[in-house]
Amino acid sequence: MLCKSLYHDCVLTSCGHRFCGGCIRAARDCPACGADIESMQPDSETQAMVDKYIEAHAATHTIWELEGSAGEQVDGMAGERSRASFLLQLGLRAIAAGNTGSARHRFQLCRQDLQQQLDAAVAAHAAPADLAPLQCRLGAVCGCLGDCCRAEGDAQGTAQHYQDSVRLLREAGQDPEAQQALSVALNKLGELHHLQGDLAAAAELYQQALDLRRQLLDATRQQWQQAEPAAGSASSSIGGGSAEPAAGGEGESQEACCAAALDLAASCLKVAGARRGSGADDVAQALLSEGTALLRGLEGGLPRQPPRLQRKHAVLAQHAAALAQNSLSSASATPGILKSNINMAAAPAEERPVAVRRPRGAGARLASRVEVWLERLRSDPFSRARNHAALPNDLVGRWAVALLQLCLLLFKTVLRERQPLLAAVNTTNAVTALALAALIRRRPRLYAAARELLLFLASLHLSFVMVNGVLHGNSNVLTQHGGSPLRMLALLLVAGPSVALCLYALYTRLSVAWSAVALPLLAAAPAVLGGGPMCRRMLATPGGEAPLDTLHTVLALLHSVTFDQLPRGALPSPMQQCWQINAWALLAVGALLPLLVLRRWERTARRRWDAEQKCSAAGSQPVETPPSSSCAPAEGHGQEAEAEAGAGEDPQLQESAPLRPPGWWLLEPWLAGALLWQAAGLGAALLAPAA
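Small disclaimer: the values here were computed from a predicted structure and weren't measured. (Residues numbered from 1 in each chain as written. Predicted model: local features only at pLDDT ≥ 70, side-chain atom pairs only at ≥ 80, totals over all residues. Heavy atoms only, no water.)

It is worth spelling out the overall build of the protein chain at this point. Within the protein chain, the secondary structure is distributed over 27 helices and three strands. Taking all 691 residues of the protein chain together, 45% fall into the buried category. Across the protein chain, the fraction of contacts at a sequence separation of at least 24, relative to all contacts at a separation of at least 6, is 69%. Per element, the accessible surface of the protein chain, about 34100 Å² overall, is 58% carbon and sulfur. (Helix = DSSP H or I, 4+ residues; strand = E, 2+ residues; numbered from the N terminus. Buried < 20%, exposed > 50% of the residue type's maximum accessible area, 1.4 Å probe, protein only. Contact = heavy atoms within 4.5 Å. Areas by Shrake-Rupley, 256 points an atom, 1.4 Å probe, with all protein chains shown as cover.)

Below, the structure written as structure tokens:
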């Protein structure tokens, strides 16, 4: 489901779904059903079945045939019925999805197969022409292994695999496919040296790749001229530096010539960046001019080329312009489209930036974890989709908040209480709402990217505006309890920001991962800073202590699941009682209640969103089909996909899911509320006397 490949290091989650270990270990929610992942167990039985399946079918079928795409024609090694080809495709799918452990395992098995074939051919004294295809394929697989090591930050393994790839591809001879793969391997090895600061070695490797690509372009032009003589005049513009359109002939020859010219232009820019970094400005300028001329010569024929070539041309042209303006330093001279994806951990310690080598204390570790957590929130496709979909609702909500706030200030604070200065101060909340509405209208992408933080700051500002209005208004609404404990509780809920925070959270529907941190902070801040002044204002008039004591006694009985946190032998004072009730109301209604509701809503929405994503991709359904898929299987899928889909009906899998008691949905909030009550009591014992 995640890496679109067969299982590797298969694990079974607590909700009964199977995934690759490398795909699921960093997740907290199951991508198939949305349930919390409480535990993972290795599923050696399923993994053994997958390994047997590969051994049984890899040598006689292609992966396309097993997926039901037998009519699809695939060229090259990928279309062969061989174990090495099958393992190569599994590894390519896994590395594309970021599962480097699975990819490395399949590439290593593929390399062993190809190495055995090569050794057998050498032992049989095969001709060099028969050895060349095996050496070419083995070199390509070594390059894939180097990519896996590069993604994992293994600099030594990356360099070793890239060097093996270069050696094998050089032994493959003058085959065009081997020469093209060799130029790519040389560039990868050069990027590794470039990242480590060895510009001389990087420039030398880049230059070798450049020479190979010049030869490949000449050979491709000759083939095009032979295949389409009428296009000979047009072909001279490709690679010749002419500004004439590179149009003329149609077909695969023209596309191959255009791709070869783009590769040559990329190599020119690579060498130019490395030479400029080492001080050879004249050589760099000449190569930059050559690369720019190549890009200009391709502009006329680009509309008839595939979109991938058009995108590559656009990025290369942008980078060439940046190089021409001297806007790139020698440390970042690698072209944007060819930028190295090598992790900074792959560089030696002496070559890393100073910020990476700073001592890491407790504060630095906390900041690093927060940064990782925020990055996970930003990279979650479900959260990004929800943030973009919520823009119309947020726009209406911003206007409604601004209108209601202005009406309240006008009729209550200005006309009734005669406090224009207090109204002017509290008007900042309406101004903030209007500013957010304008941001949604003018910069929707920016607002969606920072939606969680912006709404958190707006909610925090609203909380203090409400507390400020209650504490400094001429009309004390907290004294209107009339001796009723329930009315007193309602006044604390409505006058304070607890109800507003609850409605705010339920309307915006931010992610649970963000709300679990933001809502307690939003509720705790007014409880700690405004609890004492609000209670003093409530107790300022006589007649408030009796209903407050009754309310405190009732709530204490309802939440008496642990021992009392207040000191024994001393009854809580009215100030402590009020502080505890107010803090509990803020945390229970402003944080706990919306969190429980949001968690249920998000699980349902995420399950529906995952089902929609799987249904939209039903035409290319992967082999690793989730058991609980709600989409009908696509026609033509192999028997292995039907077996995976049928596994969802196994009663043993359903029994493996954790069972909860029927009343758990009531027991959970009650226990959490009791813990909040005891925590508020402890806080009242410590803070209320000082208040």
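That shown, we press on.
Before going further, it helps to examine the state of the cysteines. Scanning the model with the defined rule gives one disulfide in all. Two residues share a disulfide in this structure: C535 and C578, whose sulfurs sit 2.3 Å from each other. One disulfide, between C535 and C578, carries an S-S torsion of -90° and so falls in the left-handed class. Of the two residues, C535 sits in helix 22 (residues 512-538) while C578 sits in helix 24 (residues 574-616), which places them 43 residues apart along the sequence. (Disulfide = S-S within 2.5 Å.)

Moving on: the UniProt feature "domain: RING-type" (unreviewed entry) in the protein chain. UniProt tags residues 2-33 as "domain: RING-type" (unreviewed entry). In the segment residues 2-33, helix accounts for 12% and strand for 22%; the C-alpha atoms at its two ends are 14 Å apart. (UniProt positions renumbered as here; feature names shortened; annotations may be inferred.)

Moving on, we get to the pattern of salt bridges. Following the criterion strictly, the structure yields 17 salt bridges and no others. D164 is the salt-bridge partner of R111, the closest N and O atoms lying 3.4 Å from each other. Placement of the pair is R111 in helix 5 (residues 100-123) and D164 in helix 7 (residues 155-171), with a sequence separation of 53 residues. Its relative accessible area of 22% is what places R111 among the partly exposed residues. A salt bridge links E290 to R214, with the nearest nitrogen and oxygen atoms 2.7 Å apart. Of this pair, E290 sits in helix 12 (residues 281-297) while R214 is found in helix 9 (residues 199-227), placing the two residues 76 residues apart along the sequence. Put simply, R111, D164, R167 and E171 are held in one network by salt bridges that share partners. (Salt bridge = Lys/Arg side-chain N within 4 Å of Asp/Glu carboxyl O.)

Inspection of the secondary structure puts S14 in the loop between strand 1 (10-13) and strand 2 (18-20). A distance of 3.1 Å separates a polar side-chain atom of S14 from the backbone nitrogen of E38. (Polar contact = N/O pair within 3.5 Å; in protein donor to acceptor, adjacent residues only side chain to side chain.)

Another point: the UniProt feature "transmembrane region" (unreviewed entry) in the protein chain. Per the UniProt record, "transmembrane region" (unreviewed entry) is found at residues 421-441, 453-471, 486-507, 512-529 and 581-598. Helix makes up 100% of residues 453-471 and strand 0%, with an end-to-end C-alpha separation of 27 Å. Helix makes up 100% of residues 581-598 and strand makes up 0%, while its end C-alpha atoms are separated by 24 Å.

Attention now goes to a nonpolar patch on the surface. Nonpolar side chains collect at one region of the surface, where F464, V528, L529, L682, L686 and L687 lie side by side and expose about 560 Å² of accessible area between them. In terms of residues, the nonpolar patch owes the most to one element, helix 27 (residues 664-687), which gives three residues. Among the secondary structure elements, L682 is positioned in helix 27. On the basis of relative accessible area, L682 is assigned to the partly exposed category, the value being 38%. (Patch = residues over 30% accessible without salt bridge, like charges linked within 9 Å, V, L, I, M, F, W, Y side chains within 5 Å.)

Remark: helix 5 packs on helix 6 (residues 128-152), axes separated minimally by 9 Å, with the N-to-C direction vectors making an angle of 155°. Our classification of the angle between helix 5 and helix 6 gives roughly antiparallel. As helix 5 runs across helix 6, the sense of the crossing is left-handed. Here the contact of helix 5 with helix 6 is composed, by residue class, of 16 nonpolar, six polar and four charged. (Axes fitted to C-alpha atoms, helices over the stretch in contact; angles between N-to-C directions. Parallel < 35°, antiparallel > 145°, perpendicular 65-115°, else oblique. Left-handed = near helix turned anticlockwise from the far one by under 90°. Nonpolar A, V, L, I, M, F, W, Y, C, P; charged D, E, K, R; others polar.)

Bridge analysis of strand 1 against strand 2 gives three bridges, and the strand direction is antiparallel. Residue pairing across strands places V11 opposite F19, the latter belonging to strand 2. Where strand 1 hands over to strand 2, the hairpin turn is made up of four residues, of which G16 adopts a positive phi near 90°. Here three bridges tie strand 1 to strand 3 (residues 40-42), and the two strands are oriented antiparallel to one another. By the bridge assignment for strand 3, V11 is matched with P42. (Pairing = 2+ DSSP bridges.)

A few words now on the nonpolar core. Soluble globular proteins: nonpolar side chains tend toward being buried together. Ranked by internal contacts, the top residues of the largest apolar core, which has 56 residues, are L478, M534, I581 and W584. If you tally residues by element for this core, the top one is helix 24, at 13 residues. Contact partners of I581, with chain neighbours within four places excluded, come to L489, L492, L548, L551, H552, L555 and W677. (Core = buried A, V, L, I, M, F, W, Y, C linked by side-chain atoms within 4.5 Å.)

Inspection of the entire model under this criterion finds two aromatic pairs. On the numbers, 6.1 Å between centres and 80° between planes, the contact of W584 with W677 is edge-to-face. Pair noted here: W584 is in helix 24 and W677 is in helix 27, with a separation of 93 residues, a long-range link. Per residue, the accessibility class of W584 equals that of W677, and both read buried. For R509, the ring lying beneath its charged end belongs to W601, and the centroid distance is 3.9 Å. (Phe/Tyr/Trp six-rings, centres within 6.5 Å; stacked < 30°, edge-to-face > 60°. Lys NZ or Arg CZ within 6 Å of the ring centre and 35° of its normal.)

This paragraph deals with the sheet that holds strand 1. Neighbouring strands of a sheet are bound in pairs by backbone hydrogen bonds; such pairs are parallel or else antiparallel. Pairing in this open sheet of three strands is antiparallel, and the strands run 2-1-3 from one edge to the other. Each edge of the open sheet carries a strand with a single partner, namely strand 2 and strand 3. Averaged over all adjacent pairs, the angle separating strand axes in this sheet is 40°, with direction ignored.

Per-residue pLDDT for the protein chain has a mean of 75; in total, 77% of the residues score no lower than 70. Segment residues 562-569 is flagged for pLDDT under 50; beyond a separation of four residues in sequence, or across chains, it makes nine contacts in the model. (pLDDT = per-residue confidence, 0-100.)

We now examine the packing of helix 19 (residues 451-472) against helix 22. Running from N to C, helix 19 and helix 22 cross one another at 10°; their axes reach a closest spacing of 10 Å. Between helix 19 and helix 22, the interaxial angle falls into the category roughly parallel. Contacts between helix 19 and helix 22 involve E452, L453, F456, S459, L460, S463, F464, V467, V470 and L471 on the former and, on the latter, W514, A518, L521, L522, A525, P526, L529, G530, P533, M534 and R537. Classifying every residue of the contact of helix 19 with helix 22 gives 16 nonpolar, three polar and two charged.

For helix 16 (residues 391-416), with 26 residues, the first-to-last C-alpha span of 36 Å sits near the 38 Å given by 1.5 Å per residue. Maximum bend of helix 16: about 30°, positioned at L409. Residues L391, D394, L395, G397, R398, A402, Q405, L409 and T413 constitute the buried set of helix 16. The secondary structure elements touched by the buried residues of helix 16 are helix 15 (381-389), helix 17 (420-442), helix 18 (444-449), helix 19 and helix 21 (498-508). R418 sits one or two residues past helix 16 and shows a positive phi near 55°. (Expected span 1.5 Å × (residues − 1). Bend = angle between axes of the 7 residues up to and from the residue.)

With respect to the helices and strands, the residue N582 is situated in helix 24. Note on N582: relative accessible area 3%, which makes it buried. N582 has contacts with L492, G531 and M534, leaving out every residue within four places of it along the chain.

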